[in-house]
Amino acid sequence: MYSFGVLLLEMLTGKRPTDEMFVDGLNLHNFTNSMFPDRIAEILDPQMVHEEYHRLCAETWMESYIIPLVALGLSCSMESQDRPGMQDVCAKFCAIKESFFESCV
């Protein structure tokens, strides 16, 4: 589960866990968590921010899809053993996906 969470955060932020900015105890999880949820837009991978989404429905897009995905990545990449199980992660991921596809119809 930990690796899935790190991979999800890596895809959303465009930063690798081995990025040179991660020194002195700072890691991808802590960096993302420090910006969550209010400053997530600042750390998103620029490739993810499509101008048409940003102009038309940035707040809805952020609240409905990005913040839940980041929250899922953070919960999966916690250092403690309190990470969610695969069944819970799959259910949350599928709910986000279904919500996205329903909004596109």
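Being a predicted model, the structure only gives us computed values, none of them experimental.

A. Quick look at unusual backbone geometry. At the junction of F36 and P37, the peptide bond is cis and its omega measures out at -10° in the coordinates. Within the secondary structure, P37 sits in the loop between α2 (28–35) and α3 (40–43). In the Ramachandran plot, D24 falls in the positive-phi region, its phi being about 55° despite a non-glycine side chain. Among the structural elements, D24 can be located in the loop between α1 (2–13) and α2. The exposed category is assigned to D24, whose relative accessible area is 81%.

B. Region of the structure containing the packing of aromatic side chains. A full pass over the atoms with the stated rule returns four aromatic pairs. Ring centres of F4 and F93 lie 6.3 Å apart, and the angle between their planes is 80°; this geometry places the pair in the edge-to-face category. Taken together, the positions of F4 in helix α1 and F93 in helix α5 (residues 86–104) put the pair 89 residues apart, joining distant regions of the chain. The exposure class assigned to F4 is partly exposed, which follows from its relative accessible area of 29%. According to the relative accessible area criterion, F93 is partly exposed, its value standing at 37%.

C. Representation of α2. Every buried residue belonging to α2 is among L28, H29, F31, T32 and M35, and all of these are buried. Buried positions in α2, seen along its axis, are confined to an arc of 165° and lie on one side of it. The opening residue of α2 is N27, an N-cap whose side-chain oxygen sits 3.1 Å from the backbone nitrogen of H29.

Cut-offs and rules
Residues numbered from 1 in each chain as written. Predicted model: local features only at pLDDT ≥ 70, side-chain atom pairs only at ≥ 80, totals over all residues. Heavy atoms only, no water. Helix = DSSP H or I, 4+ residues; strand = E, 2+ residues; numbered from the N terminus. Buried < 20%, exposed > 50% of the residue type's maximum accessible area, 1.4 Å probe, protein only. Phe/Tyr/Trp six-rings, centres within 6.5 Å; stacked < 30°, edge-to-face > 60°. Arc of directions from axis to C-beta. Polar contact = N/O pair within 3.5 Å; in protein donor to acceptor, adjacent residues only side chain to side chain.

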